[in-house]
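Read off the chains here:
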Amino acid sequence: MPKIVFYTGAGVSAPSGIPTYRDGKDSLWQKYNAEEVCNYEKLNINRNKIRNFYSLLRNEMKDKEPNIHHKSIAALQQEFKNSNVEVEIFTQNIDLLYEKAGCENITHIHGRIDECKCDDCLEKWKYNGENKCPKCGGSFIRPNITLFGEPAEKYYKLKRTLNWFQNGDILIIQGTYGNVFPISRYLEFLKSNGIRLVTVLNNLEPSPYLPEKHFDYIYFENVITAMPKIIQTIKQNLSNSKQEYSIQITK
Ligand SMILES: [Zn+2]
């Protein structure tokens, strides 16, 4: 089953007005000290500050709309809905722009802005303004978002997907500099094991964490202008790899 996997970060939501952590002028990131409100080690002493910060962020994200990146993936998923092509999204973003665009098969590796979690019983639920866990009644609750210095549990799912890649599968990395997760190491490993992926990179600029030698197609430009080209690239390569798949089946 041919697979198309998107691995994305803040750069894909920035054109929708969701500022990235580092460059958001006038954004909440400038008004609050991230070391205070996003730091796992300070979760217990700063729990209220952290909850307040993410409430503000939730409010700020509420009215933001998906851009061509999110909408193109939704359209791609619709197009391949009744085929054997699977389109999967792994995102570091906590916003819900993929959901708003109508995308499916989304893993929010670092959590979602609309969810809370209980540190006592690990229950998760949709944010409802309450300050108590609906399951155990405890008050050690927090946004269901991975803080700095905290392991992100969902990376196991990305690792599994990477390990199961087959020849001709397509991986698109967009809007992330690759410094959070060592995806290049997986690309190296796959290559050394003879797995030939089609790899696409789209960022504003090169990153030392994503060496260009690992990519077949590179777009150092805004996600808005790159997206139509990327969709075209995906479709071209898919029609090539479909032949490979059908050859494999007839053997
Ligand atoms: Zn609980």
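Since this is a predicted model, take the numbers as computed values, not measurements.

Peer 1: For this particular structure, what's the right way to read unusual backbone geometry?
Peer 2: Both trends apply: most residues other than glycine have a negative phi, and most peptide bonds are in trans. The phi dihedral of Asn-105 falls on the positive side, at around 60°, and the residue is not glycine. By the element assignment, Asn-105 lies in the loop between helix 5 (97–101) and strand 3 (106–108). Positive phi, close to 70°, is recorded for Leu-122, a residue that is not glycine. Within the secondary structure layout, Leu-122 lies in the loop between strand 4 (111–118) and strand 5 (124–126).

Peer 1: What exactly am I supposed to notice about the pairing of strand 7 (residues 170–174) here?
Peer 2: If a strand is regular, its side chains alternate between the two faces of the sheet. Across the 5 residues of strand 7, 5 count as buried, placing the element largely inside the fold. The two faces of strand 7 match: Ile-170, Ile-172 and Gln-174 on one face and Leu-171 and Ile-173 on the other face are all buried. Relative to strand 8 (residues 198–203), strand 7 is paired through 5 bridges, and the arrangement is parallel. In the sheet register, Ile-170 faces strand 8, and the bridge partner there is Val-198. Between the parallel elements strand 7 and strand 8, the chain passes through helix 7 (residues 183–192) in a crossover that is right-handed.

Peer 1: Help me understand the sheet that holds strand 7, please; the structure alone is not making it clear to me.
Peer 2: Think of a sheet as strands paired side by side through backbone hydrogen bonds, with each pair either parallel or antiparallel. The sheet built from 6 strands is open, its strands ordered 3-2-1-7-8-9 with parallel pairing. What marks the edges here is a single partner per strand, and that holds for strand 3 and strand 9 (217–220). Averaged over neighbouring strand pairs, the angle between their axes works out to 10° when direction is ignored.

Peer 1: Sorry, what's going on with the pairing of strand 8 here?
Peer 2: With 6 of 6 residues buried, strand 8 lies mostly within the body of the structure. Of the two faces of strand 8, the one holding Val-198, Val-200 and Asn-202 and the one holding Thr-199, Leu-201 and Asn-203 are both buried throughout. Of the pairings in the sheet, the one linking strand 8 to strand 9 comprises 4 bridges and is parallel in character. If you follow Val-200 over to strand 9, its bridge partner there is Tyr-217.

Peer 1: Would you mind going over the domain arrangement of the protein chain with me for this structure?
Peer 2: One widely used convention gives an interface's size as the accessible area the parts lose upon coming together. Taken domain by domain, the protein chain comprises domain 1 (3–18 + 64–110 + 151–250) and domain 2 (33–61 + 113–145). The C-alpha-based centres of domain 1 and domain 2 are spaced at 29 Å. Taken together, the contact between domain 1 and domain 2 spans 6 residues of the former and 4 residues of the latter. Here the side of domain 1 that touches domain 2 is built from residues that sort into 3 nonpolar, 1 polar and 2 charged.

Peer 1: Is there a simple way to think about helix 3 (residues 47–62) in this case?
Peer 2: Since there are 3.6 residues in each turn of an α-helix, residues three or four apart along the chain are aligned in direction. Across its 16 residues, helix 3 extends 22 Å between first and last C-alpha, which sits within 8% of the 22 Å expected from 1.5 Å per residue. Within helix 3, the full set of buried residues consists of Ile-50, Phe-53, Tyr-54, Leu-57 and Met-61. For helix 3, the angular spread of the buried residues around the axis is 95°, confining them to a single face. Away from its buried face by more than 90 degrees, helix 3 exposes Asn-48, Asn-59 and Lys-62.

What counts, and where the lines are drawn
- Residues numbered from 1 in each chain as written.
- Predicted model: local features only at pLDDT ≥ 70, side-chain atom pairs only at ≥ 80, totals over all residues.
- Helix = DSSP H or I, 4+ residues; strand = E, 2+ residues; numbered from the N terminus.
- Buried ≥ 20, exposed ≤ 12 C-beta atoms within 10 Å, placed from the backbone.
- Pairing = 2+ DSSP bridges.
- Right-handed = clockwise from strand over helix to strand, strands pointing away.
- Axes fitted to C-alpha atoms, helices over the stretch in contact; angles between N-to-C directions.
- Domains from an automatic or database assignment.
- Contact = placed C-beta atoms within 7 Å.
- Nonpolar A, V, L, I, M, F, W, Y, C, P; charged D, E, K, R; others polar.
- Expected span 1.5 Å × (residues − 1).
- Arc of directions from axis to C-beta.

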